[in-house]
Amino acid sequence: VQLQASGGGLVQPGGSLRLSCGASGRLSSINALGWYRQAPGKERELVAYMNNGGLTKYADSVKGRFTISRDMAKNTVHLQMNSLKYEDTAVYYCNAEPYNIDEPDYFGQGTLVTVSS
């Protein structure tokens, strides 16, 4: 599975960005697409994900501000980020979770989001 993310950049606090990720490859093996992020000096954390049934999960820190969506026909996943805060600054990684829990997750190359005035 290959994941290609885009849409990162520099934004002021309170602003918005939309991340997009295109997935390709053995997608029949994938249960969910989502986003993780890693801030400087911190571990990678789940931001949001959506499974093939439409079930979503969000980190508490982004609930009410971020919205994940998927276009199943185009094999894409998007993350609309509103009311951005300084602490949202991180490298954001597109993620694909296999049905088989014994298989490792797939991650894209990452896109940098910087929230700064």
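Computed from a predicted model, the values in this text were never measured in an experiment. (Residues numbered from 1 in each chain as written. Predicted model: local features only at pLDDT ≥ 70, side-chain atom pairs only at ≥ 80, totals over all residues. Heavy atoms only, no water.)

(A) Region of the structure containing the pattern of salt bridges. Counted according to the given criterion, the structure contains five salt bridges. Ionic pairing is found between Asp-88 and Arg-37, a salt bridge with its closest N-O pair at 2.9 Å. In this pair, Asp-88 sits in the loop between strand 8 (76-81) and strand 9 (90-98) while Arg-37 sits in strand 4 (residues 30-38), placing the two residues 51 residues apart along the sequence. A salt bridge links Lys-63 to Asp-60; its shortest N-O distance comes to 3.1 Å. Taken individually, Lys-63 and Asp-60 each receive the classification exposed, so the pair is uniform in this respect. One network of salt bridges, with partners in common, ties together Arg-37, Glu-45, Arg-65 and Asp-88. (Salt bridge = Lys/Arg side-chain N within 4 Å of Asp/Glu carboxyl O. Helix = DSSP H or I, 4+ residues; strand = E, 2+ residues; numbered from the N terminus. Buried < 20%, exposed > 50% of the residue type's maximum accessible area, 1.4 Å probe, protein only.)

(B) Broad picture of the state of the cysteines. Scanning all chains against the criterion turns up one disulfide. The disulfide bridge from Cys-21 ends at Cys-94, spanning 2.0 Å between sulfur atoms. Taking the torsion about the S-S bond as the criterion, the Cys-21 to Cys-94 disulfide, at about -90°, is left-handed. Placement of the pair is Cys-21 in strand 3 (residues 17-24) and Cys-94 in strand 9, with a sequence separation of 73 residues. Given the relative accessible area of 0%, Cys-94 is considered buried. (Disulfide = S-S within 2.5 Å.)

(C) Representation of the packing of aromatic side chains. Under the defined criterion, the tally for this structure stands at one aromatic pair. In this arrangement the basic side chain of Arg-44 is found over the ring face of Tyr-93, its NZ or CZ atom lying 4.1 Å from the centre. Between Arg-44 and the ring centre of Phe-107, over which it is positioned, the NZ or CZ distance is 4.4 Å. (Phe/Tyr/Trp six-rings, centres within 6.5 Å; stacked < 30°, edge-to-face > 60°. Lys NZ or Arg CZ within 6 Å of the ring centre and 35° of its normal.)

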